[in-house]
Amino acid sequence: MRIDKYLKISRMVKRRTVAQEMIQAGVVRLNGRPIKPSSVVRVGDVIEIAFPRRILKVEVLCDDEIMVKKGKVAYAILEERSVSLDDSTI
C-alpha cells in the first residue's frame, strides 16, 4: 500500500492530501530514508513522522487496507517524544 494512503487509513493523519504534503516536505521517513508519497509500505517497516510538537516512530504491523479498515491494529508505537517547535526535524 502507498505510504500516503497508509497514513490516512491508519489514522495517523486525517487526510491523504495532508499526508502527501508532509511527505513532500520531508517530515516523514520510511526505514530512516526520505520517501515519495508513492513509496510502498510493508509489514516490519519503520515510519518516522515529525509532527510540529512531537516525533512519532512506529512499526507497521498490518499493510492490508481491508483489514486495517475493519479495525485490525495497523502499527505499534516504538517511540514518541515531545520536541520544541525549533527542534522538530528528524
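For every chain, the first residue of the written sequence is number 1, and numbering continues from 1 onward in sequence order. Only residues with pLDDT of at least 70 are given local features in this predicted model, and only at 80 or more are side-chain atom pairs given and counted; all residues enter the totals for whole chains, interfaces and linings. With hydrogens and water set aside, each side-chain value is computed from the structure's full complement of heavy atoms.

Novice: Is there a simple way to think about the nonpolar core in this case?
Specialist: Generally speaking, a soluble globular protein has its nonpolar side chains buried in company with each other. Note on terminology: a nonpolar core comprises buried Ala, Val, Leu, Ile, Met, Phe, Trp, Tyr and Cys residues joined through side-chain atoms within 4.5 Å. The classification of residues rests on relative accessible area computed with a 1.4 Å probe and restricted to protein chains. Under 20% of the type maximum is buried, over 50% is exposed, and intermediate values are partly exposed. Core analysis: the largest hydrophobic core is formed by 23 residues, its most contacted members being I3, Y6, L7, M12, V28, I47 and I49. The helix count covers DSSP runs of H or I at least four residues long, the strand count covers runs of E at least two residues long, and both are numbered beginning at the N terminus. Secondary structure elements with two or more residues in this core: α1 (3-9), α2 (16-25), β1 (28-30), β3 (46-50) and β4 (54-60). When residues in this core are grouped by element, the largest group, 4 residues, is from α1. Residue contacts for I3: discarding those within four places in its chain leaves I23, V28, L30, I35, K36, P37, S39, V41 and I47. Contacts are assigned to residue pairs with any non-hydrogen atoms lying within 4.5 Å of each other.

Novice: Can you walk me through the confidence of the model for the protein chain in this structure?
Specialist: A low pLDDT means the predicted coordinates there should not be read in detail. Counting all residues, the mean pLDDT for the protein chain is 92, and 93% of those residues have values of 70 or more. pLDDT measures how confident the predictor is about each residue, on a scale from 0 to 100. Of all helices and strands in the protein chain, the one with the weakest mean pLDDT is helix α3 (residues 65-69) (91), whereas β1 scores best (97).

Novice: Help me understand the pattern of salt bridges, please; the structure alone is not making it clear to me.
Specialist: Any two side chains of opposite charge can pair, on the condition that their charged atoms come close. Basic side-chain nitrogens of Lys or Arg form a salt bridge, by our definition, when they fall within 4 Å of a carboxyl oxygen of Asp or Glu. Considering all chains together, one arrives at 6 salt bridges under this definition. Between E65 and K5 there is a salt bridge; the shortest N-O distance is 3.2 Å. Linking E65 in helix α3 with K5 in helix α1, this pair joins segments that are 60 residues apart in sequence. For E65, a relative accessible area of 24% corresponds to the partly exposed category. With a shortest N-O distance of 2.6 Å, E80 and R54 are connected by a salt bridge. With E80 in strand β5 (residues 75-82) and R54 in strand β4, this pair connects stretches of sequence that are 26 residues apart. A residue is classified by how much of its surface remains accessible, and E80, at 45% relative accessible area, is partly exposed. The class of R54 is partly exposed, set by a relative accessible area of 30%. Here the salt bridges share partners, and the residues they tie into one network are R2, D4 and R16.

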